[in-house]
Each structure stands twice: as structure tokens, then as C-alpha cells.
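Letter by letter, the chains look like this.
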Amino acid sequence: MSPRTPRPRPVRATPATCPCGLSSAYDDCCGRLHRGETKASTAEQLMRSRFSAFAVHDEAYLLRTWHPTTRPPGVDFDPALCWTRLEILGGTEGGPFSTSGTVEFRAHYTERGRPGELRENSRFVRHDYTWVYLDGDVSK
């Protein structure tokens, strides 16, 4: 690799059960979206797949599903942080025929062995006919 070529960040080991909270195998659930075999058909499906991408450290998927006007240059994964569980609390619109929607969720994690949670109401929109994450309001 040349000095100008960024090193790819390692993806965590593939889990057997999907981190998104549905009772499916990762490869048959969010793994299909991460590999680009299919796209999310709803805002909630995209939310679940993005949570799973954070859990397995799939930076490429996260950036690909982030709206270009709010997308950061990269994703920093804290090695001491482990995303453990996702709860969907509600949402608005975001269906297969919608152009925007919200998903409210609670994401559970451990950081250096201590449990914590993040609550967010995320906004999603269609961009080039594909669901993408726009932004969100975080609350404690």
C-alpha cells in the first residue's frame, strides 16, 4: 500500500444471530444488506441494518447508507464499545412507498464492561430511490 492509501478498517467477526434484534441469522438478515445483495425497503429495516453495521464495524455500509449532505468522512469505532441490543420504540411513515420517515430507538451497549444506552429519534429519507439516514435527535 502506498502511504496515501488508507488502510481498510477490520470488520468484527460475523455473529450467528443478527444484532438488529430480529430472530434471524445475521447472514440472512442484515448481512444481505451489508453485502449489497438487497436494499432496505423501509426506514426501520435500514435502522436495524445500520445498528448491525455499528455492531460488526462495517464502516463502508454505514457511509453508503448516510445522506451525502450529513455523511461524515469516516466512522470511528471505539474498541471498548460493544453494541448489544436494539429496541425499536416507534416511528412515523418510512414504509415501502414513503419518501421520508422516522424511527425512534434505544440502543444498548457496554463500554469497558459497563452497560449504557443511547436513545435517538432518527430521520430517514429516500435519496436516489434508496433509504438513507439523514440525522437524528439523541436523548438520554
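Residues numbered from 1 in each chain as written. Predicted model: local features only at pLDDT ≥ 70, side-chain atom pairs only at ≥ 80, totals over all residues. Heavy atoms only, no water.

A. Seen up close, the pattern of salt bridges. By the definition in use, this model includes 10 salt bridges. The salt bridge partner of Glu 104 is Arg 119, with a shortest N-O separation of 2.7 Å. Of this pair, Glu 104 sits in strand β2 (residues 100-111) while Arg 119 sits in strand β3 (residues 114-127); the two residues are 15 residues apart in sequence, bridging distant segments of the chain. The exposure class of Arg 119 is partly exposed, given its relative accessible area of 28%. (Salt bridge = Lys/Arg side-chain N within 4 Å of Asp/Glu carboxyl O. Helix = DSSP H or I, 4+ residues; strand = E, 2+ residues; numbered from the N terminus. Buried < 20%, exposed > 50% of the residue type's maximum accessible area, 1.4 Å probe, protein only.)

B. Just the nonpolar core, in detail. Among the nonpolar cores identified, the biggest contains 24 residues, and Met 47, Trp 83 and Phe 124 are the most heavily contacted of them. Breaking this core down by element, the ones donating at least two residues are α2 (43-56), α3 (59-64), β1 (81-93), β2 and β4 (130-139). Among the elements that make up this core, the one with the highest residue count is α2 (6 residues). If we skip the residues at most four places from it in the chain, Trp 83 touches Phe 51, Phe 54, Ala 55, Ala 107, His 108, Tyr 109 and Leu 118. (Core = buried A, V, L, I, M, F, W, Y, C linked by side-chain atoms within 4.5 Å. Contact = heavy atoms within 4.5 Å.)

C. Structural view of the environment of Arg 35. Within the fold, Arg 35 resides in the loop between α1 (30-34) and α2. For the pair Arg 35 and Ala 60, spaced 25 residues apart in sequence, the C-alpha separation works out to 9.9 Å.

D. Up close: the packing of aromatic side chains. Under the defined criterion, the tally for this structure stands at 5 aromatic pairs. Ring centres of Phe 51 and Trp 83 lie 6.1 Å apart, and the angle between their planes is 75°; this geometry places the pair in the edge-to-face category. Placement of Phe 51 in helix α2 and of Trp 83 in strand β1 is noted, with a sequence separation of 32 residues between them. Assessed through its relative accessible area of 4%, Phe 51 is described here as buried. On the numbers, 5.8 Å between centres and 65° between planes, the contact of Phe 124 with Tyr 133 is edge-to-face. Like Phe 124, the residue Tyr 133 is buried in the burial classification. One aromatic cluster is present, formed by Phe 51, Trp 83 and Tyr 109 through successive ring pairs. The lysine or arginine in question, Arg 50, covers the ring of Trp 66, its NZ or CZ lying 4.7 Å from the ring centre. (Phe/Tyr/Trp six-rings, centres within 6.5 Å; stacked < 30°, edge-to-face > 60°. Lys NZ or Arg CZ within 6 Å of the ring centre and 35° of its normal.)

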